[in-house]
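Read off the chains here:
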Amino acid sequence: MKDYLKVAGKVAIVTGSAHGIGRGVAAGLALYGVKVMVCDINDEDGLKVKEEIISAGGVAEYCHFDAFSSESVNRLAEETVRIFGGIDILVNNVGGGLPSKGFEMISDEEWDRIIRFNLTSAFYMCRATFPYMKEKKAGKIVNISSGYAIGGGDYCAHYASAKAGIIGLTTSLAKEMAPYNINVNVIPVPTTDTPMVHITNTPDMIQEEINLTPLGRIATPEDIANTVLFLVSGSADYVTGQIVAPNGGKRMLV
């Protein structure tokens, strides 16, 4: 049977992979033979994800990762190369927001923190991993954005702006990295069934999302992981600079 994906044996870094979507992506890639570097600031839970992947028959290691520190990012890239011999795939998943508030109430510190956490961290990671992909003349980068980057969000201008910046970063890097056979794409994720969504959203808010989604449910981490899997696979070798939105039809990009 023909190997449709061609990912077995590849090396991936998945940032923020101790929980939620990142955990789902790390586990999903490992199921198809990708060697995964799990990384997070939460060492205890990150190590648990590493062990879960190994227990399921996959290959994984763990590295402490601070999204706010370029030095930490550089160490992560170096450690991945030391352990696995290279970097083939980067999934920039780490990020998040703060409690909702009107834009006029957002402090300078809150604005800077959200931009750094979501956008600057992705820039750091792309900059740190690019030399290794450039040397091999091959690589796949998937940046995780948000539906708010496209449609805006209520009382989260800082988060929506950071996630919109990720789309601009993606399209720019896709052009710069194309001569080195490196594909860069972005997924604007929708509301996804993670532990965090049940903390930040009431049951009524989640039900409203379901009601507005043609497929009649919110996303799961597996839905996002499957989209990542396609974008890092050999089947997406001619896909770059694209916004790929697995959102159940809620927002159709036409």
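Fair warning: this is a prediction, and the values are worked out from it, not measured in the lab.

**Examining the packing of aromatic side chains**
Here a ring pair, both rings aromatic, is described through the centre-centre distance and the interplanar angle of the planes. Tallied over the entire structure, the rule returns four aromatic pairs. Both rings, one in Phe130 and one in Tyr180, keep their centres 5.6 Å apart while their planes meet at 75°; by these two values the pair is edge-to-face. You can see Phe130 sitting in helix H4 (residues 108-136) and its partner Tyr180 sitting in the loop between helix H6 (157-177) and strand E6 (182-189), a full 50 residues away along the chain. Accessibility expressed as a relative area gives 24% for Tyr180, which makes it partly exposed. Aromatic pair Tyr148 and Tyr159: ring centres 6.2 Å apart, planes at 90°, arrangement edge-to-face. Residue Tyr148 is found in helix H5 (residues 148-151), and its partner Tyr159 is found in helix H6; the two are separated by eleven residues along the sequence.

**Overview of unusual backbone geometry**
The residue Lys6 is not glycine, and still its phi comes out positive at about 60°. By the element assignment, Lys6 lies in the segment before strand E1 (11-15).

**Here's the deal with the packing of helix H1 (residues 20-31) against helix H9 (residues 221-232)**
Contact pair H1 / H9: the axes reach a minimum separation of 8 Å and the direction vectors enclose 50°. What the angle tells us is that H1 and H9 run oblique. Of the two elements, H1 crosses H9, and the hand of that crossing is right-handed. Residues Gly20, Ile21, Gly24, Val25 and Leu29 of H1 form the contact with H9, whose own contacting residues are Pro221, Ile224, Ala225, Val228, Leu229 and Val232. Among the residues forming the contact of H1 with H9, the class breakdown is nine nonpolar, two polar and no charged.

**Brief notes about the pattern of salt bridges**
Side-chain pairing between opposite charges can occur once the charged atoms of the two side chains come close. With the rule as written, the count across this model stands at ten salt bridges. What you see here is one network of salt bridges that share partners, running through Glu44, Asp45 and Lys48.

**Section: H1**
Helix length check: H1 (twelve residues) gives 17 Å between terminal C-alpha atoms against 16 Å at 1.5 Å per residue, within 8%. What H1 keeps buried is the set Ile21, Gly22, Gly24, Val25, Ala26, Gly28, Leu29 and Ala30. Along its buried surface, H1 packs onto E1, strand E2 (35-40), helix H2 (43-55), strand E4 (89-92), E6 and H9. Of the residues flanking the end of H1, it is Gly33, one or two places downstream, whose phi is positive at about 90°.

The rules we used
- Residues numbered from 1 in each chain as written.
- Predicted model: local features only at pLDDT ≥ 70, side-chain atom pairs only at ≥ 80, totals over all residues.
- Heavy atoms only, no water.
- Phe/Tyr/Trp six-rings, centres within 6.5 Å; stacked < 30°, edge-to-face > 60°.
- Helix = DSSP H or I, 4+ residues; strand = E, 2+ residues; numbered from the N terminus.
- Buried < 20%, exposed > 50% of the residue type's maximum accessible area, 1.4 Å probe, protein only.
- Axes fitted to C-alpha atoms, helices over the stretch in contact; angles between N-to-C directions.
- Parallel < 35°, antiparallel > 145°, perpendicular 65-115°, else oblique.
- Left-handed = near helix turned anticlockwise from the far one by under 90°.
- Contact = heavy atoms within 4.5 Å.
- Nonpolar A, V, L, I, M, F, W, Y, C, P; charged D, E, K, R; others polar.
- Salt bridge = Lys/Arg side-chain N within 4 Å of Asp/Glu carboxyl O.
- Expected span 1.5 Å × (residues − 1).

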